[in-house]
Amino acid sequence: MGDVFLTFLLSALGLLLVSAGIEDARSRNIANWKNAAIALLAPLWWWANGLALWPEVAIQLGLAVLVFGFFVGAFAIGQMGGGDVKLLGALALWLPVQPLVGMLILMSLVGGALTIVMVAERWTQLRGGLRALPWRTIGPLALGALALAWLVYAGRGGIAAAFVGQPIAAAAAAMTLVAAIGVVLLAGARAARKRGIVPETPYGVAIAISTLLVLREPILNQFT
């Protein structure tokens, strides 16, 4: 019965994520009820996994507050929508530290890739053809993203694995990497705006994709 209930919760989370991603891609908006449903299902997830109020539940609440507060800053400077921030805060209630770190880094990489694709598409429309793209900028960014992904997920020796059992260090490392990627994207977005290109990245899509990828891992083992 326990396994069936866990499967049900994960399935519900997956469906909500897919729905949120599709809605964000279509309208650059995520309905509040979807974020609320994800947040309200989290206590059932804690109960089904046998989490104690202290320290497990307290850690999840602390992570959620930390993640939400961090991305409120991204919202304040216009780099992320309010629905995206709420979705990240709700998901932080579900994911233990290591999967959360992996999800945030994946989200940054996927979001960066989406931004580059959208800017490139608009650039070609305005400038006429692929040859007009700033390959000297896109090339290093792409190589840097691949290198970062390799460092984070290079088997058991990856950065994410190195922070198992170190929630504070893991959260700090994830936020630092996300902030660094955000600074690069912010600089690129400003350069694009000067050329009349204003990309609206559907970060809900990046969040949904990265979380679904992380959910493939045996995250139940992270609570043991």
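Residues numbered from 1 in each chain as written. Predicted model: local features only at pLDDT ≥ 70, side-chain atom pairs only at ≥ 80, totals over all residues. Heavy atoms only, no water.

1. A word on the overall build of the protein
How we decide: Each helix is a run of DSSP H or I of at least 4 residues and each strand a run of E of at least 2, with the numbering of both proceeding from the N terminus. Relative accessibility under 20% of the residue-type maximum defines a buried residue, over 50% an exposed one, and the middle range a partly exposed one, all with a 1.4 Å probe and only protein chains included. Here, residues are in contact when the closest pair of their heavy atoms is within 4.5 Å. Only the protein chains shown count as cover for residues, and all accessible areas are computed by the Shrake-Rupley method using a 1.4 Å probe.
From N to C terminus, the protein includes nine helices and zero strands. Helices (α) and strands (β) of the protein occur, in sequence order from the N terminus, as α-α-α-α-α-α-α-α-α. Counting the 224 residues in the protein, one finds 42% classified as buried. Long-range pairs, those at least 24 residues apart, make up 78% of the contacts in the protein between residues at least 6 apart in sequence. Carbon and sulfur atoms form 69% of the exposed surface of the protein, whose accessible area is close to 11,900 Å².

2. Here we look at helix α3 (residues 53–76)
Here is the rule: The span you would expect from a helix comes to 1.5 Å times its residue count less one.
With 24 residues, α3 should reach 34 Å at 1.5 Å per residue; the first-to-last C-alpha distance of 33 Å fits that figure. Of the positions making up α3, those classed as buried are Val57, Gln60, Leu63, Ala64, Val67, Phe71 and Ala74. Positive phi appears at Gly78, one or two residues downstream of α3, with a value of about 80 degrees.

3. Focus on the environment of Phe75
Structurally, Phe75 is set in helix α3. Take Phe75: its relative accessible area is 46%, and that puts it in the partly exposed class. In the structure, Phe75 is positioned ten residues away from Val85 in sequence and 7.3 Å away in space, judged by C-alpha atoms. Each residue touching Phe75, except ones within four places of it in the same chain, is listed here: Met80, Gly81, Gly82 and Val85.

4. Quick notes on a nonpolar patch on the surface
Stated precisely, the cut-off is as follows: Each patch groups residues whose relative accessible area exceeds 30% and which form no salt bridge, using 9 Å between like charges and 5 Å between nonpolar side chains of Val, Leu, Ile, Met, Phe, Trp and Tyr. Throughout this description, the term salt bridge denotes a Lys or Arg side-chain nitrogen within 4 Å of a carboxyl oxygen of Asp or Glu.
A surface patch of nonpolar side chains, about 220 Å² in accessible area, is lined by Val18, Ile22 and Leu212. Position of Ile22 among the secondary structure elements: in helix α1 (residues 2–27).

5. Some words on the confidence of the model for the protein
Do not read the fine detail of predicted coordinates wherever pLDDT is low. As a reminder, the rule being used: The score called pLDDT rates the predictor's confidence residue by residue, from a low of 0 to a high of 100.
Put simply, the protein has an average pLDDT of 75, and 59% of its residues get 70 or more. Looking over the protein, one finds the lowest element-wise mean pLDDT in helix α7 (residues 159–162), namely 52, and the highest in helix α2 (residues 32–48), namely 95. Confidence over residues 218–224 falls short of pLDDT 50; this stretch has 17 contacts with residues more than four positions distant or in other chains.

6. Comments concerning the pattern of salt bridges
Counting across every chain of the model gives one salt bridge. Taking the shortest distance from any N to any O, the salt bridge between Lys34 and Glu23 comes out at 2.8 Å. One end of the pair, Lys34, is in helix α2; the other, Glu23, is in helix α1, and eleven residues separate them in sequence.

7. Some points on the packing of aromatic side chains
Keep this limit in mind: Between 30 and 60 degrees the pair is tilted, below 30 it is stacked and above 60 it is edge-to-face, where a pair is any two Phe, Tyr or Trp rings, Trp via its six-membered ring, whose centres lie within 6.5 Å.
Applying the stated criterion across every chain, the model contains four aromatic pairs. Taking the centre distance of 5.0 Å and the plane angle of 80 degrees together, the rings of Phe70 and Phe71 count as edge-to-face.

8. Digging into the packing of helix α4 (residues 82–92) against helix α9 (residues 203–214)
Note the cut-off: For every element, the axis is a line fit to its C-alpha atoms; helices are fit only across the contacting stretch, and the angle between N-to-C directions ranges from 0 to 180 degrees. Reported orientations rely on four angle classes, namely roughly parallel under 35 degrees, roughly antiparallel over 145, roughly perpendicular from 65 to 115, and oblique for the rest. A clockwise turn of the near helix away from the far one marks a right-handed crossing, whereas an anticlockwise turn of less than a right angle marks a left-handed crossing. Residue type decides the class: Asp, Glu, Lys and Arg count as charged, Ala, Val, Leu, Ile, Met, Phe, Trp, Tyr, Cys and Pro as nonpolar, and the leftover types, Gly among them, as polar.
Contact geometry of α4 with α9 gives a least axis separation of 9 Å together with a crossing angle of 20 degrees. Taken together, α4 and α9 sit at an angle that is classed as roughly parallel. Once α4 is placed against α9, the crossing between them reads as left-handed. Facing α4, whose interface residues are Asp84, Leu87, Leu88 and Leu91, α9 presents Tyr203, Gly204, Ile207 and Thr211. The class makeup of the residues in the contact of α4 with α9 is five nonpolar, two polar and one charged.

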